[in-house]
Amino acid sequence: MLTNFPTKKLSDPKVQILRRGAEYRALFLYHILKALKDHGYEFEMIGREGIFALGRSNRAGFPDTDIPEVFTDTLLEPPGASSMQIERTVLSEKEAKLEFGYCPMCELWQKVTDDQDMIALLCDIAMEVDRGLVDTYPEFTLRLGKRISAGEAVCDFWIRKK
């Protein structure tokens, strides 16, 4: 069972707007993939390809760097980090780990379906955006470990130098 509740109820309107935006993207993804599935399409493959391409297209908003700290600093900028309760929990020259303490997308999916396997799959497809972005950095590898959608308290996101 998912336990995904914001532990920080931030009253900052920018944080609330970002959370609502993430929920809207989650709803959009859910309905598009559900329609593809209902019509017999390979919804998982199509979703992964499209979201991966979206991640690659996000490269322009990130720094040219081979330093994990510099890369992850971009994800820690306010108010974005606050909307998902992101904290850096590991930092060295070779790696950085971020933990996401809340996921507005998972919260939305919990409202539209009680199918935990589908929520986990939607989450993994949505994380193709991260895989696509990091794919544009030949000097980094990405490991996505713990997941809120799998019942963990946090999602973790590891960037490591090759």
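For the structure, check the block above.
Note that this is a predicted model, so its numbers are computed, not measured. (Residues numbered from 1 in each chain as written. Predicted model: local features only at pLDDT ≥ 70, side-chain atom pairs only at ≥ 80, totals over all residues. Heavy atoms only, no water.)

**Some thoughts on the packing of aromatic side chains**
Alright, step 1. In the structure shown here, the tally under the stated rule is five aromatic pairs.
Alright, step 2. Between F71 and F140 the ring centres are 5.6 Å apart and the planes differ by 65 degrees, which places this aromatic pair in the edge-to-face class. Here the residue F71 occupies a position in helix α3 (residues 68-75), and F140 occupies one in strand β3 (residues 140-144), the gap between them amounting to 69 residues. F140 carries the same exposure label as F71, and that label is buried.
Alright, step 3. With a centroid separation of 6.2 Å and 55 degrees between ring planes, the pair formed by F100 and F157 is classed as tilted. Separated by 57 residues along the polypeptide, F100 in strand β2 (residues 95-100) and F157 in strand β4 (residues 155-161) bring together distant segments of the chain.
Alright, step 4. Look at F100 and you get buried, because its relative accessible area is 14%. (Phe/Tyr/Trp six-rings, centres within 6.5 Å; stacked < 30°, edge-to-face > 60°. Helix = DSSP H or I, 4+ residues; strand = E, 2+ residues; numbered from the N terminus. Buried < 20%, exposed > 50% of the residue type's maximum accessible area, 1.4 Å probe, protein only.)

**What to know about the pairing of strand β1 (residues 86-91)**
Alright, step 1. Here five bridges tie β1 to β2, and the two strands are oriented antiparallel to one another. Following the sheet pairing, V90 is matched in β2 by K97.
Alright, step 2. Between the end of β1 and the start of β2, which pair antiparallel, lie three residues. (Pairing = 2+ DSSP bridges.)

**So, helix α1 (residues 13-38)**
For an α-helix, 3.6 residues make a turn, and residues three or four places apart therefore share a direction.
Alright, step 1. Between the first and last C-alpha of α1 there are 37 Å, a value that for 26 residues agrees with the 38 Å anticipated at 1.5 Å per step.
Alright, step 2. If you check which residues of α1 are buried, you get V15, R19, A22, E23, A26, L29, Y30, L33 and L36.
Alright, step 3. Where α1 ends, the next residue or the one after it, G40, has phi of about 85 degrees, a positive value. (Expected span 1.5 Å × (residues − 1).)

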